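Chain by chain, the residues run as shown.
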Amino acid sequence: MSECYIGRLPCGCVVAATVIDGQDFRQLAKDVSQFIQEGLTIERVSSEYVKEHLRSCIHQSKELEDDTNRS
Ligand SMILES: [Zn+2]
């Protein structure tokens, strides 16, 4: 099973991932530094974890909906 680095938002959503195995080290370092610049927490996980958890953050749009529904 291959491993990846993921970028996790403070809310817990995994919004970025880059494969470790077989990737050029400089490209990998570039991806990871970009994740850090975006304020993401870097974690090393399996590619299976990435398949299950990688998605867009649902919390920002949900907050907007809550604001709209509030009266
Ligand atoms: Zn989120």
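This text follows the structure it describes.
Residues numbered from 1 in each chain as written. Predicted model: local features only at pLDDT ≥ 70, side-chain atom pairs only at ≥ 80, totals over all residues.

In spatial order, the strands read E2-E1-E3; together these 3 strands make up an open sheet with antiparallel pairing. The sheet is open, and its two borders are formed by strand E2 (14-19) and strand E3 (41-46), each paired with just one other strand. Between one strand axis and the next, the sheet turns through 30° on average, direction left out of account. Relative to E3, strand E1 (residues 3-8) is paired through 6 bridges, and the arrangement is antiparallel. Bridging from a neighbouring strand, isoleucine 6 pairs with glutamate 43 of E3. (Pairing = 2+ DSSP bridges. Helix = DSSP H or I, 4+ residues; strand = E, 2+ residues; numbered from the N terminus. Axes fitted to C-alpha atoms, helices over the stretch in contact; angles between N-to-C directions.)

Let's shift gears to the nonpolar core. Among the nonpolar cores identified, the biggest contains 8 residues, and these are Cys4, Tyr5, Ile6, Val14, Ala16, Ala17, Phe35 and Leu40. Apart from the residues within four sequence positions on either side, isoleucine 6 is in contact with Val14, Ala16, Ala17, Glu43, Val45 and Val50. (Core = buried A, V, L, I, M, F, W, Y, C linked by C-beta atoms within 7 Å. Buried ≥ 20, exposed ≤ 12 C-beta atoms within 10 Å, placed from the backbone. Contact = placed C-beta atoms within 7 Å.)

On to helix H1 (residues 25-37). The terminal C-alpha atoms of H1 lie 18 Å apart, and with 13 residues this matches the ideal 18 Å at 1.5 Å per residue to within 8%. Where H1 terminates, the next one or two residues include glycine 39, which has phi positive at roughly 85°. (Expected span 1.5 Å × (residues − 1).)

Read these as layout, nothing more, since geometry by itself doesn't imply function.
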